[in-house]
Amino acid sequence: MSKVLTIPDFMRMKQEKEPIVMLTAYNHWQTNLAERAGADMILVGDSVGMVEHGLQDTLGVTMEMMIMHCKAVMRARKRAFVVGDLPFLSYEIDEREAIRNAGLLVKEAGVDAVKLEGGKSRKNAIRAIVNAGIAVVGHIGLTPQTATLLGGYKVQGKDDASAKRVFEDALAVQEAGACAVVLECVPSPLAELITRKLDIPTIGIGAGSACDGQVLVFHDILGLFEAFKPKFVKSYANGVEYLTSGLEEYVKEVRNKTFPGKEHSFAMDPEIVKKIEAEYF
Ligand code: KIV
């Protein structure tokens, strides 16, 4: 069995400028594929609400959903460091609640770290969870759980004031004890400055190539999410087309009776068939 990657591995990768590859996964088969592909970090993101449950945004995601998805991922984990997202309002109310919910993802599902959104405003929550012995990944820039306050799903840090805010959020997250930070939708030069300043790895999504690592949503990488496609997404496969053509073939073969064939069926003694026919027909 290969060794599970740890925080010191990611610190070394940052120092040696070896890119950290993170992607999201939400269940057992997706994790198997991510492991086969060689992902270093798997994020069980609250994006699960949108890509797997059909929600409009991530706000309706619950702890129960996150625990269930994290458990399924952990059953297939081999080498990747697994991070479970804390859903909206599971860590904002007070620090005890934050520790309790982070603890549930670690104790019930077995994830290696939790992720929560926010910089300066979440410093106390991050510090409390880390002091309780749980690794935390920060998430700053565009924070989807509080997108309404940011004026929608917009790039963050373009002007003077907001660039300073994002930069200071990064410093706050590191100072609070986070082991890495996701930078979402920030201009590449700002992400480069943050990456240069921080000792902990930065993982970018829509934050350019200077980050220590990159993260994308599983469904976006494979062309499986059709509702919308942000500018920062690159799809490496047309999953919807590929999978639909497989399903269409199945539908066609059932309708024209070419499936199931002999090779998918079970034979029996013709004498028994005759007996049943004689008795019941
Ligand atoms: O929930 C998620 O998938 C995320 C990534 C987009 C970073 O937070």
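See the structure above.
Being a predicted model, the structure only gives us computed values, none of them experimental.

### Re the overall build of the protein
Argument step 1. For the protein, the helix and strand inventory stands at 11 helices and 8 strands.
Argument step 2. Along the first, second and third principal axes, the C-alpha set of the protein runs to 85 × 40 × 35 Å.
Argument step 3. In the protein, buried positions account for 46% of the 281 residues.
Argument step 4. Within the protein, residue pairs in contact and separated by at least 24 positions form 59% of the contacts whose partners lie at least 6 positions apart.
Argument step 5. In the structure as shown, the protein presents an accessible area of about 15300 Å², 57% of it carried by carbon and sulfur atoms.
Argument step 6. Of the charged side chains in the protein, 33 are positive and 37 negative; the average position of the first set lies 3 Å away from that of the second.

### Side note on the site of the ligand
Argument step 1. All residues adjacent to the ligand are Thr24, Leu43, Gly45, Asp46, Ser47, Asp85, Lys115, His139, Val182, Ile205 and Val217.
Argument step 2. Contact between the ligand and Asp85: an oxygen atom at 3.2 Å from a side-chain N or O atom of the residue.
Argument step 3. At 2.9 Å from an oxygen atom of the ligand is found a side-chain nitrogen or oxygen belonging to Lys115.
Argument step 4. Alone, the ligand offers 260 Å² of accessible surface; in the complex the protein occludes 93% of this.
Argument step 5. Grouping the constituent residues of the shell around the ligand by class yields 4 nonpolar, 4 polar and 3 charged.

### What about the packing of aromatic side chains?
Argument step 1. Scanning all chains against the criterion turns up 4 aromatic pairs.
Argument step 2. Ring geometry for Tyr250 and Phe259: centres 6.0 Å apart, planes at 65 degrees, overall edge-to-face.

### Things to note about the pattern of salt bridges
Argument step 1. On inspection of all chains with the given rule, the structure shows 15 salt bridges.
Argument step 2. Between Glu192 and Arg196 there is a salt bridge, and its shortest N-O distance comes to 3.1 Å. Linking Glu192 with Arg196, this pair stays in helix α8 (residues 188-197), spanning 4 residues, or about one helical turn.
Argument step 3. Of the charged contacts in the structure, one is a salt bridge between Glu271 and Lys274, with a shortest N-O distance of 3.7 Å. Here Glu271 and its partner Lys274 are both found in helix α11 (residues 270-280), 3 residues apart, which amounts to about one turn of the helix.
Argument step 4. Accessibility expressed as a relative area gives 47% for Glu271, which makes it partly exposed.
Argument step 5. It is possible to trace a salt-bridge network through shared partners that takes in Arg12, Glu16 and Glu18.

### Regarding the environment of Leu150
Argument step 1. Note that Leu150 resides in the loop between β5 (135-141) and α7 (160-175).
Argument step 2. Assessed through its relative accessible area of 23%, Leu150 is described here as partly exposed.

### Concerning the sheet that holds β5
Argument step 1. With parallel pairing, 8 strands are arranged side by side around a closed barrel as β1-β2-β3-β4-β5-β6-β7-β8. Neighbour-to-neighbour, the strand axes of this sheet turn through a mean angle of 25 degrees, independent of strand direction.
Argument step 2. Alignment of strand β1 (residues 20-24) against strand β8 (residues 213-216), held across 4 bridges, turns out to be parallel. Bridging across to β8, Ile20 finds its partner in Gly213.
Argument step 3. Contacting β5 and β6 (180-184), α7 crosses the sheet at an angle of about 175 degrees to β5.

### A word on the pairing of β6
Argument step 1. Along β6, 5 of the 5 residues are buried, which leaves the element largely enclosed by surrounding structure.
Argument step 2. Side chains of β6 alternate between two faces, with Ala180, Val182 and Glu184 and Val181 and Leu183 buried alike.
Argument step 3. In terms of strand pairing, β5 meets β6 through 5 bridges, oriented parallel. The residue bridging Gly138 from the neighbouring strand is Val181, located in β6.
Argument step 4. In this fold, the crossover linking β5 to β6 by way of α7 has right-handed handedness.
Argument step 5. In terms of strand pairing, β6 meets strand β7 (residues 202-205) through 4 bridges, oriented parallel. Note that in β7 the partner of Val182 across the bridge is Ile203.
Argument step 6. Note on the crossover from β6 through α8 to β7: the handedness is right-handed.

Rules used throughout
- Each chain carries its own residue numbering, running from 1 in the written order of its sequence.
- Per-residue local features of the predicted model are confined to residues with pLDDT of at least 70, and side-chain atom pairs are confined, for both listing and counting, to 80 or more; whole-chain, interface and lining totals are unaffected and use all residues.
- Hydrogen atoms and water are omitted, and side-chain values are computed over all heavy atoms in the structure.
- To qualify as a helix, a DSSP run of H or I must reach at least 4 residues; to qualify as a strand, a run of E must reach at least 2; elements of each kind are numbered from the N terminus.
- Exposure categories follow from relative accessible area, calculated using a 1.4 Å probe and restricted to protein chains: below 20% of the type maximum is buried, above 50% is exposed, and the middle band is partly exposed.
- We call two residues contacting when some pair of their heavy atoms lies within 4.5 Å.
- All accessible-area figures derive from a Shrake-Rupley calculation using a 1.4 Å probe, and residue coverage is judged against the displayed protein chains alone.
- Note on charges: Lys and Arg go in the positive column, Asp and Glu in the negative column, and His and the chain ends are not counted at all.
- All charge positions are set by atom: Lys at NZ, Arg at CZ, Asp at CG, Glu at CD.
- For each residue, the test is whether any non-hydrogen atom lies within 4 Å of the molecule or strand; if one does, the residue is near.
- Polar contact is the term for a pair of N or O atoms within 3.5 Å; when the atoms are in protein, one must be able to donate a hydrogen and the other to accept it, and sequence-neighboring residues count only if both atoms are side-chain atoms.
- Gly is placed with the polar residues, together with every amino acid not listed as nonpolar (Ala, Val, Leu, Ile, Met, Phe, Trp, Tyr, Cys and Pro) or charged (Asp, Glu, Lys and Arg).
- Aromatic rings from Phe, Tyr and Trp, taking only the six-membered ring of Trp, are treated as a pair when their centres fall within 6.5 Å; an angle between ring planes under 30 degrees marks them as stacked, one over 60 as edge-to-face, and anything in between as tilted.
- Salt bridge, as applied in this entry: a Lys or Arg side-chain nitrogen positioned within 4 Å of an Asp or Glu carboxyl oxygen.
- Strands qualify as paired when DSSP identifies two bridges or more between them.
- Between N-to-C directions, angles cover 0 to 180 degrees, with each direction set by a line fitted to C-alpha atoms, over the stretch in contact for helices.
- The handedness rule is simple: strands pointing away from the viewer, and a clockwise path from the first strand over the helix to the second, make the crossover right-handed.

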